[in-house]
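# Descriptive structure summary
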Amino acid sequence: MSWIKSRSLKIVLLVQLLFTSALVIVFMLALGKHGAISAMLGGGVSVISSTVFALIVSRHQGYTAGDAIRTALRAEAVKIILIIGLLWIVFRFYASVNAPVFIGTFILMVLVYSMVLFVADDKKIR
């Protein structure tokens, strides 16, 4: 993930992937194939949208506060539009989706993404 400059975003994306993988295994054992696929899709929506956000933010080249805010708002807008589109695609084209598992995994991954606030961006803590 060298294309993402922020250490915090890299760590949170990896944690999202790990949590999603764990939930896929849990739901595979508990609910079978469609539960596992639903968990994978729910986590995937969040991971994909978070990755796109991280890519947009990492490409930021401006040096003013206004440029940084514009970039963050643009990245967040793209992320929200992508989430809405991906949620619609899953519900539209995957008839066997387990909605509670899908939405629950998605919400859990959104909460995991909020952990980025607690990850220090540099290794040296003062």
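As the structure is a computational prediction, the values presented were derived from the model and not from experiment.

## A closer look at the overall build of the protein
Scanning the protein from N- to C-terminus turns up 4 helices and 0 strands. The order of helices and strands in the protein, counted from the N terminus, is α-α-α-α. Only carbon and sulfur atoms are counted for the fraction: they give 73% of the accessible area of the protein, which is about 7,900 Å². In the protein, 12 side chains carry a positive charge and 4 a negative one; their mean positions are 8 Å apart.

## Quick look at the pattern of salt bridges
Scanning the model with the defined rule gives 1 salt bridge in all. The residue Asp67 makes a salt bridge to Arg70 at a minimum N-O spacing of 2.6 Å. Residue Asp67 and its partner Arg70 are both found in helix α3 (residues 65–93); the two are separated by 3 residues, about one turn of the helix.

## Regarding the packing of aromatic side chains
Applying the stated rule across the entire model yields 3 aromatic pairs. Geometrically, the ring pair formed by Phe53 and Tyr113 is edge-to-face, given 6.2 Å between the ring centres and 85° between the ring planes. Within this pair, whereas Phe53 is found in helix α2 (residues 33–58), its partner Tyr113 is found in helix α4 (residues 99–113), the two being separated by 60 residues in sequence. Residues Phe53 and Tyr113 agree in their burial class; the two are buried. A cation over a ring is seen here: Lys79 above Tyr113, with NZ or CZ 3.6 Å from the ring centre. Stacked on the ring of Phe93, the Lys or Arg Arg92 has its end atom at 5.3 Å from the ring centre.

## Side note on the nonpolar core
In this structure, Ile4, Leu9, Val12, Leu13, Phe53, Ala54, Ile56, Ala75, Tyr113, Val116 and Val119 together form the largest nonpolar core, which totals 11 residues. When residues of this core are traced back to their parent elements, those giving at least two are α1 (7–31) and α2. Membership of the second largest hydrophobic core comes to 9 residues, among which are Leu87, Val90, Val97 and Phe106.

Cut-offs used in this document
- Residues numbered from 1 in each chain as written.
- Predicted model: local features only at pLDDT ≥ 70, side-chain atom pairs only at ≥ 80, totals over all residues.
- Heavy atoms only, no water.
- Helix = DSSP H or I, 4+ residues; strand = E, 2+ residues; numbered from the N terminus.
- Areas by Shrake-Rupley, 256 points an atom, 1.4 Å probe, with all protein chains shown as cover.
- Lys, Arg positive; Asp, Glu negative; His and termini not counted.
- Charge placed at Lys NZ, Arg CZ, Asp CG, Glu CD.
- Salt bridge = Lys/Arg side-chain N within 4 Å of Asp/Glu carboxyl O.
- Phe/Tyr/Trp six-rings, centres within 6.5 Å; stacked < 30°, edge-to-face > 60°.
- Buried < 20%, exposed > 50% of the residue type's maximum accessible area, 1.4 Å probe, protein only.
- Lys NZ or Arg CZ within 6 Å of the ring centre and 35° of its normal.
- Core = buried A, V, L, I, M, F, W, Y, C linked by side-chain atoms within 4.5 Å.

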